[in-house]
Amino acid sequence: MSECIVVTSGKGGVGKTTTTANLGVALALNGKKVAVIDADIGLRNLDVILGLENRIVYDLVHVIEGECKLRQALIRDKRAEGLFLLPAAQTRDKNAVTPQQMRDLIAKLKEDFDYILVDCPAGIEQGFKNAVAGADRAIIVTTPEVSAIRDADRIIGMVEAAELPEPELIINRFRAKMVEAGDMMNKDDILEILAIPLLGIVPDHEDIIVSANRGRPVVFDETSIVGEAYRRVARRVLGEKDVPEVVFETEPGAWKTFLRWMGLAPARGMAG
Amino acid sequence: MKDLINRFLGRTNKNSKDEAKQRLKFLLIHDQVDLTPGQLEAMKTEILEVIARYVEVEDLEGTEFKLERGDGHVALVSTVPVRRVVQRAQAS
């Protein structure tokens with residue numbers, strides 16, 4: 001059985017693309033066959049986050065307009081067996097694709113893939129409608145900020161209006177120190193407002209910036225706590241129950257820091 | 001192990017910010033001409049096929065095709081080492 005999941009948020013810049021890339025890699029590392037689609041036509045970015053930008057020849061619009069075969073446009077990620085990227089067109093606009101064309105495309109991809117992840121563009125217009133068109137379920141990404149949560153709430157309504165099941169939430173850029181100090185909304189605050197199931201909490205961490213610089217999603221890094229957070233999100237997507245959140249130690253001990261620096265210690269995080 | 005030794009000596013890989021900048025420059029050029037690296041590669045292959053009909057190309061490793069950003073324009077700069085002109089009948 002294969003499933004299409006749209007990753008959306010309403011607000012831009014909360015980490016949809018990073019989430020799509022890391023979840024895609026993590027699912028593939030779990031042995032699944034995964035296609036990630038960049039639905040942000042005109043402003044493609046998923047290729048860059050995955051570090052596959054040099055390998056693009058054809059894109060989503062070429063496939064839809066019949067200029068190439070679907071197989072020709074899918075870029076295989078050599079680092080993660082089973083992972084393929086379908087890049088967005090960079091020089092077209094959102095109206096180059098219709099929701100029906102997306103549904104047809106996803107139906108075709110389902111013949112070959114276990115999971116199809118759609119990276120939705122920001123906003124609520126045509127791009128959003130295209131991205132949700134073929135989806136079976138939705139993941140909403142938000143950050144613990146008023147503006148992001150407000151937009152997430154709006155998007156939850158739109159996902160439900162599109163007759164998808166209740167979406168699940170990823171809280172991104174979580175800063176444990178600020179939460180402890182009472183300067184950032186905590187998990188319960190956010191869940192109370194949005195009232196949808198939580199899929200995971202991802203800490204705000206420098207590793208994300210370095211991984212974006214290098215075009216190498218952080219889940220590849222076994223010692224990274226953010227990587228571990230995404231691996232746990234993937235396990236939950238795969239249906240595993242009671243996967244604990246990673247612990248957000250604000251100040252790890254000196255020895256642990258040293259081991260991590262040596263690359264000898266596993267990522268922190270047990271029960272939480 | 002090599003990684004570990006390099007880390008001790010402070011010889012980590014290239015800074016990630018330099019890598020970011022390099023990738024970005026490349027991307028911007030390709031965005032400007034609306035040619036992906038993959039398409040550029042395809043063009044390079046086709047151009048070389050044409051060139052090889054007239055001259056003997058030294059070796060494919062030595063050829064270079066790149067896009068460079070100048071003042072308000074992008075230039076395709078190519079270097080193709082030629083061994084000699086092919087003296088065969090031109091089929092046309």
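Residues numbered from 1 in each chain as written. Chains lettered and ligands numbered in written order. Predicted model: local features only at pLDDT ≥ 70, side-chain atom pairs only at ≥ 80, totals over all residues.

K.L.:
I keep staring at the overall build of chain A and nothing clicks. Help me out?
P.N.:
Check the secondary structure of chain A and you find 12 helices and eight strands. The C-alpha radius of gyration computed for chain A amounts to 18 Å, which stays within 12% of the reference 19 Å derived for 272 residues, consistent with globular compactness. The C-alpha extent of chain A, read off along each of the three principal axes, is 55 × 40 × 35 Å. When burial is assessed residue by residue, chain A has 47% of its 272 residues classed as buried. Across chain A, the fraction of contacts at a sequence separation of at least 24, relative to all contacts at a separation of at least 6, is 75%. (Helix = DSSP H or I, 4+ residues; strand = E, 2+ residues; numbered from the N terminus. Rg over C-alpha atoms; globule rule 2.2 N^0.38 Å. Buried ≥ 20, exposed ≤ 12 C-beta atoms within 10 Å, placed from the backbone. Contact = placed C-beta atoms within 7 Å.)

K.L.:
Explanation requested: the overall build of chain B in the structure shown.
P.N.:
Assigned secondary structure in chain B consists of three helices and four strands. Order of helices (α) and strands (β) in chain B, N terminus to C terminus: α-α-α-β-β-β-β. Taken across its 92 residues, chain B has 2% of its residues classed as buried. Considering only contacts within chain B whose residues lie at least 6 apart along the sequence, 47% involve residues at least 24 apart.

K.L.:
Where do I start with the packing of helix H1 (residues 16-29) of chain A against helix H11 (residues 225-237) of chain A in this structure?
P.N.:
Geometrically, a packed helix pair is captured by the angle between its two axes and the distance between the axes. Residues and elements named next belong to chain A. Close contact between H1 and H11 brings their axes to 9 Å; oriented N to C, the two are set at 65°. Classified by the angle between their axes, H1 and H11 sit roughly perpendicular to one another. Where H1 crosses over H11, the two elements pack in a sense that is right-handed. Contacts from Asn22, Leu23, Ala26 and Leu27 of H1 reach H11 at Tyr230, Arg231, Val233, Ala234 and Val237. Taken together, the residues that form the contact of H1 with H11 break down as seven nonpolar, one polar and one charged. (Axes fitted to C-alpha atoms, helices over the stretch in contact; angles between N-to-C directions. Parallel < 35°, antiparallel > 145°, perpendicular 65-115°, else oblique. Left-handed = near helix turned anticlockwise from the far one by under 90°. Nonpolar A, V, L, I, M, F, W, Y, C, P; charged D, E, K, R; others polar.)

K.L.:
What's the story with the sheet that holds strand E1 (residues 3-8) of chain A in this structure? I'm lost.
P.N.:
Strand pairing in a sheet is mediated by backbone hydrogen bonds. Such pairs are either parallel or antiparallel. Residue and element names in this part refer to chain A. Across the sheet, which stays open at both edges, the eight strands sit in the order E3-E4-E2-E5-E1-E6-E7-E8 with mixed pairing between neighbours. Each having just a single partner strand, strand E3 (75-76) and strand E8 (198-203) make up the two edges of the open sheet. With respect to the sheet, helix H6 (residues 126-133) is in contact with E1, strand E5 (115-119) and strand E6 (137-142), its orientation differing from that of E1 by roughly 155°. (Pairing = 2+ DSSP bridges.)

K.L.:
Honestly, the nonpolar core in this entry has me stumped. Any pointers?
P.N.:
Among soluble globular proteins, nonpolar side chains are generally buried collectively. Core analysis: the biggest nonpolar cluster contains 81 residues, and Ile116, Leu117, Val118 and Tyr230 of chain A have the highest contact counts within it. The biggest single contributor to this core is H11 of chain A, with seven residues. (Core = buried A, V, L, I, M, F, W, Y, C linked by C-beta atoms within 7 Å.)

K.L.:
What is the right way to look at the packing of helix H10 (residues 206-214) of chain A against helix H2 (residues 16-33) of chain B in this model?
P.N.:
For the pair H10 of chain A and H2 of chain B, the least separation of the axes is 7 Å and the interaxial angle reads 40°. As the angle between them shows, H10 of chain A and H2 of chain B are arranged oblique. Regarding H10 of chain A and H2 of chain B, the two cross each other, and that crossing is left-handed. Facing Val210, Asn213 and Arg214 of chain A of H10 of chain A, the residues of H2 of chain B in contact are Ser16, Lys17, Glu19 and Ala20 of chain B. Residue composition of the contact of H10 of chain A with H2 of chain B, by class: two nonpolar, two polar and three charged.

K.L.:
Mind showing me how you'd approach the interface of chain A and chain B here?
P.N.:
Bring the parts together and some accessible area is lost; that lost area is often taken as the interface size. Every contact between the two is made by 14 residues of chain A and, on the other side, 14 residues of chain B. For the side of chain A that touches chain B, the leading source of residues is H10 of chain A, giving three residues. Of the residues contributing to the side of chain A that touches chain B, the split by class is five nonpolar, six polar and three charged.

K.L.:
Please explain the confidence of the model for chain B as it appears in this structure.
P.N.:
Residues and elements named next belong to chain B. In the predicted model, chain B carries a mean pLDDT of 77, and the fraction of residues at 70 or more is 78%. When mean pLDDT is taken per element in chain B, H2 scores highest with 88 and helix H1 (residues 2-8) scores lowest with 58. At the level of chain-chain contacts, confidence expressed as ipTM amounts to 0.78, with global pTM at 0.83. (pLDDT = per-residue confidence, 0-100.)

K.L.:
Can you walk me through the environment of Ile140 of chain A in this structure?
P.N.:
Residue and element names in this part refer to chain A. When you line up the elements, Ile140 lands in strand E6. Judged by C-beta crowding, with 27 C-beta atoms within 10 Å, Ile140 ranks as buried. Expressed as a C-alpha distance, the spacing of Ile140 and Gly51, which sit 89 residues apart in the sequence, is 24 Å. Setting aside residues up to four positions removed in sequence, Ile140 forms contacts with Thr8, Ser9, Ala152, Ile155, Ile156, Pro167, Leu169 and Ile196.

K.L.:
Honestly, helix H7 (residues 146-161) of chain A in this entry has me stumped. Any pointers?
P.N.:
Side chains of residues three or four places apart in an α-helix project in the same direction, reflecting 3.6 residues per turn. Residues and elements named next belong to chain A. Helix length check: H7 (16 residues) gives 23 Å between terminal C-alpha atoms against 22 Å at 1.5 Å per residue, within 8%. For H7, the full list of buried residues reads Ala148, Ile149, Asp151, Ala152, Ile155, Ile156 and Val159. An end-on view of H7 places all buried positions within 160° of arc, on one side of the element. Exposed side of H7, more than 90 degrees from the buried face: Val146, Ser147, Gly157 and Ala161 are the residues found there. Looking at the buried residues of H7, the elements they touch are E1, H6, E6 and helix H9 (187-194). In the stretch just after H7, Glu163 is the one whose phi turns positive, near 65°. (Expected span 1.5 Å × (residues − 1). Arc of directions from axis to C-beta.)

K.L.:
Looking at this model, I keep getting lost on the pairing of E5 of chain A. Mind explaining?
P.N.:
Across a regular strand the side chains alternate sides, sitting on one face of the sheet and then on the other. All names here are of chain A. With respect to burial, E5 is a largely interior element, five of its five residues being buried. Burial along E5 is two-sided: Tyr115, Leu117 and Asp119 and Ile116 and Val118, pointing in opposite directions, are all buried. As judged from the five bridges shared by E1 and E5, these two strands associate in the parallel manner. Residue pairing for E5: Glu3 is matched across the bridge by Tyr115. Examined bridge by bridge, strand E2 (residues 34-38) and E5 share five bridges and lie parallel to one another. Bridging from a neighbouring strand, Asp38 pairs with Asp119 of E5.

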